[in-house]
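Given next are the chains, with one letter for each unit.
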Amino acid sequence: ASCNVSSDLLSQGCAAGGASLSSIVFIDENEDGLQNNGEPGLDGVLVTLIAANGNINTTSTSGGGSFSFANVSPGDGYILNFQLPTGYSFTIQGA
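1. Points about the nonpolar core
Here is step 1 of the chain: In this structure, Leu21, Val25, Ile27, Leu42, Val45, Val47, Leu49, Phe67, Phe69, Val72, Phe82 and Leu84 together form the largest nonpolar core, which totals 12 residues.
Here is step 2 of the chain: Breaking this core down by element, the ones donating at least two residues are strand 3 (18–27), strand 4 (46–51) and strand 6 (66–72).
Here is step 3 of the chain: With residues near it in sequence (within four places) discarded, Phe69 still touches Ala19, Ser20, Leu21, Val47, Thr48, Leu49, Asn57, Thr58, Thr59 and Leu80.

Shown next as C-alpha cells:
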C-alpha cells in the first residue's frame, strides 16, 4: 500500500507559545498523491520534526493518521521525516 502526507491539512497557526504544525498521513489507495473520499488515515507512523538549530521532536500518527507539533518557532526552517510501517511506501503528491 502507498501513503502520503496531506499538504491540504498542513498548517502554521500562531498560538501563545509559537506556531503549530499538523497534518495527516493516509493510505493512498489509488496512488494519485491526493487523499480522496474513503482513503483512511494511517496510525503508527513515526514523525520526526528536525529544526535548523538541531532540536528534534518526535510523535506518532494516531486517531486516523493525524499528527501535530505545538510551540514551533515560526520561520526557523524545519525538516519532517516519516518512518512508515513495514509494507507501505510513499506516493508523490498530484502524481
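Still more ground to cover, so stick around.
2. Overview of the pairing of strand 5 (residues 56–60)
Here is step 1 of the chain: Alignment of strand 4 against strand 5, held across 5 bridges, turns out to be antiparallel. Along strand 5, the bridge assignment pairs Leu46 with Ser60.
Here is step 2 of the chain: Between strand 4 and strand 5, which follow one another and run antiparallel, lie 4 residues, and Gly54 among them has a positive phi close to 95°.

3. Some points on the sheet that holds strand 7 (residues 78–83)
Here is step 1 of the chain: In space, the 3 strands of this open sheet follow the order 5-4-7, with antiparallel pairing throughout. Of all strands in the sheet, those with a lone pairing partner are strand 5 and strand 7, marking the two edges. Ignoring strand direction, the axes of neighbouring strands in this sheet form an average angle of 20°.

4. A short note on the packing of aromatic side chains
Here is step 1 of the chain: Across all of its chains, the model carries 2 aromatic pairs by this definition.
Here is step 2 of the chain: With 6.1 Å between their ring centres and 65° between their planes, Phe67 and Phe69 make a pair best called edge-to-face.
Here is step 3 of the chain: A relative accessible area of 6% places Phe69 in the buried class.
Here is step 4 of the chain: Seen from their ring centres, Phe67 and Phe82 are 5.7 Å apart, and the 70° between their planes marks the pair as edge-to-face. Separated by 15 residues along the polypeptide, Phe67 in strand 6 and Phe82 in strand 7 bring together distant segments of the chain.

5. Some remarks on the environment of Asp28
Here is step 1 of the chain: Relative to the elements of secondary structure, Asp28 occurs in the loop between strand 3 and strand 4.
Here is step 2 of the chain: Linking Asp28 and Gly38, residues 10 residues apart in sequence, is a C-alpha distance of 9.8 Å.
Here is step 3 of the chain: In this structure the side chain of Asp28 is engaged in a polar contact, spanning 3.0 Å, whose partner is the side chain of Thr91.

Conventions used here
- Residues numbered from 1 in each chain as written.
- Predicted model: local features only at pLDDT ≥ 70, side-chain atom pairs only at ≥ 80, totals over all residues.
- Heavy atoms only, no water.
- Core = buried A, V, L, I, M, F, W, Y, C linked by side-chain atoms within 4.5 Å.
- Buried < 20%, exposed > 50% of the residue type's maximum accessible area, 1.4 Å probe, protein only.
- Helix = DSSP H or I, 4+ residues; strand = E, 2+ residues; numbered from the N terminus.
- Contact = heavy atoms within 4.5 Å.
- Pairing = 2+ DSSP bridges.
- Axes fitted to C-alpha atoms, helices over the stretch in contact; angles between N-to-C directions.
- Phe/Tyr/Trp six-rings, centres within 6.5 Å; stacked < 30°, edge-to-face > 60°.
- Polar contact = N/O pair within 3.5 Å; in protein donor to acceptor, adjacent residues only side chain to side chain.

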